[in-house]
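So the chains spell out like this:
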Amino acid sequence: MTIIQAPALAANAGATTGSEFRRGIAACMPVLLGIVPYGLVLGAQAARKSLSGLEVPLMTGLNFAGGSEFAAIQLWSSPPHILLIVAVTLLVNSRHLLMGAALAPYLRHLSKRKAFASLFFMCDESWAMSLADSKERAATGTSLPAFSLPYYMGASLAVYVAWVAFTTAGALLGPVMGDIDALGFDMAFPAVFLVLMRGMWTTAAAARPWLVSLVVAAVTHLVLPGAWFIAAGAASGLAAAYYLAGDA
Amino acid sequence: MIDLLNLVTILLMAAVTYFTRVGGYVLLRNRTLSARATAVMEAAPGCVLISVIAPAFVADRPADLLGLAVTVLCATRLSMLPTVLLGIASTGAARYLLG
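In this text the structure is predicted, and so the values were computed from the model without any measurement. (Residues numbered from 1 in each chain as written. Chains lettered and ligands numbered in written order. Predicted model: local features only at pLDDT ≥ 70, side-chain atom pairs only at ≥ 80, totals over all residues. Heavy atoms only, no water.)

1. Some thoughts on the overall build of chain A
Of the regular secondary structure elements, chain A holds 12 helices and zero strands. Reading the secondary structure of chain A in the N-to-C direction produces α-α-α-α-α-α-α-α-α-α-α-α. A compact globule built from 248 residues would reach a C-alpha radius of gyration of about 18 Å, and chain A, at 20 Å, matches this within 12%. Structurally, chain A occupies a C-alpha span of about 60 × 55 × 30 Å along its principal axes. The buried share among the 248 residues of chain A stands at 53%. (Helix = DSSP H or I, 4+ residues; strand = E, 2+ residues; numbered from the N terminus. Rg over C-alpha atoms; globule rule 2.2 N^0.38 Å. Buried < 20%, exposed > 50% of the residue type's maximum accessible area, 1.4 Å probe, protein only.)

2. Notes on the nonpolar core
The nonpolar side chains of a soluble globular protein tend to be buried with one another. Of all hydrophobic cores here, the largest spans 86 residues; its most connected members are C28, F70, I73, W76, L103, V192 and F193 of chain A. Residue contributions to this core peak at 12 residues, all from helix α9 (residues 149-177) of chain A. With sequence-adjacent residues up to four places away left out, V192 of chain A is seen in contact with Y38 and F70 of chain A together with M80 and V84 of chain B. The next biggest cluster of nonpolar side chains, apart from the first, holds five residues, and it includes L97 and A101 of chain A together with L28 and M41 of chain B. (Core = buried A, V, L, I, M, F, W, Y, C linked by side-chain atoms within 4.5 Å. Contact = heavy atoms within 4.5 Å.)

3. Notes on the confidence of the model for chain B
All names here are of chain B. Here chain B averages 90 in pLDDT, and 100% of its residues register 70 or above. Ranking the elements of chain B by mean pLDDT puts helix α2 (residues 35-57) last, at 86, and helix α3 (residues 62-77) first, at 96. Model confidence for the complex: the whole-complex pTM is 0.76, and ipTM, which rates the interface, is 0.84. (pLDDT = per-residue confidence, 0-100.)

4. Observations concerning the confidence of the model for chain A
Residues and elements named next belong to chain A. Put simply, chain A has an average pLDDT of 86, and 92% of its residues get 70 or more. When pLDDT is averaged over each helix and strand of chain A, the minimum, 83, is found for helix α10 (residues 188-200) and the maximum, 97, for helix α3 (residues 55-62). Taken together, the stretch residues 1-11 has pLDDT below 50 and engages in 27 contacts with residues farther than four places along the chain or on a different chain.

5. Quick look at unusual backbone geometry
Residue and element names in this part refer to chain A. In this structure, P79 follows S78 across a cis peptide bond, with omega equal to 0°. On the secondary structure map, P79 appears in the loop between α4 (66-75) and α5 (82-92). Located in the positive-phi region is S50, a residue other than glycine, with phi close to 55°. For S50, the location among the structural elements is in the loop between α2 (29-48) and α3. Phi is positive for F64, which is not a glycine, with a value near 50°.

Next comes the structure, spelled out in structure tokens:
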């Protein structure tokens, strides 16, 4: 999902938990607009793979990581290839490891229990906004902790509620909409993935492994049946990243 | 309404995702990753995402490739919502016109 700027608001001593929570919700309003179609499309596609109106919110509510859910739904069959889906989920979400590590220095004032509970809700958007907000508050020299837990939770929960609600709505409305692929709706997946990748883009050099993945996956798809192209593409891209980092 | 294998898949997805969310906080907060390890981890999500949609790049219908080209162009300069809408519209239109 997209990285967005935290609204400029200096830490102020009069801020209450409630006002901080509301500030978090307000900050991610633009993000929520983007979540609506994205959630509807995911839910509708999940319904086409015969996931039920209960299974969809179960997945989006317990997993709560959109990119991996799109990848999983794309791969879903009956019965599902469990290991493939779980491995892809792990790889797509491996960025959370770096995100959590980056946020960790700001979480020292929280108890382990609070940190573990709040990290469940860490998504790209709330992470990016909270990190930016923490850096800004740290720069103002406030006596309060730089990281505002209620701000983070406001942003996280707003995204969470919207995500689970709209993916569920998509699952319930999808079958009513019928076969939407003739209208081009299957292009929603590449579109979402490409925008996610644009958000991850740093330099052309850093994106070279992606090109390796694309070429290897495409060729594998043409010559081998089944979903091997994903494993082949991902593995070759990671190998390329490892190799290319050597001459950086 | 809930298939057992679907449920198992969903629970395992949730478990590995939660591991990635707390893993960085628990395992990496006091550690400096090598430049190589960082490069691999940063490249990983993009490698997986592009691999999943790779078949679209070798579609056998010209209309699908045209729709994809428009979508790629949109994705480089527009946000999520317009990109998804324009990607769908251009692909639907290309299929209607080119078959």
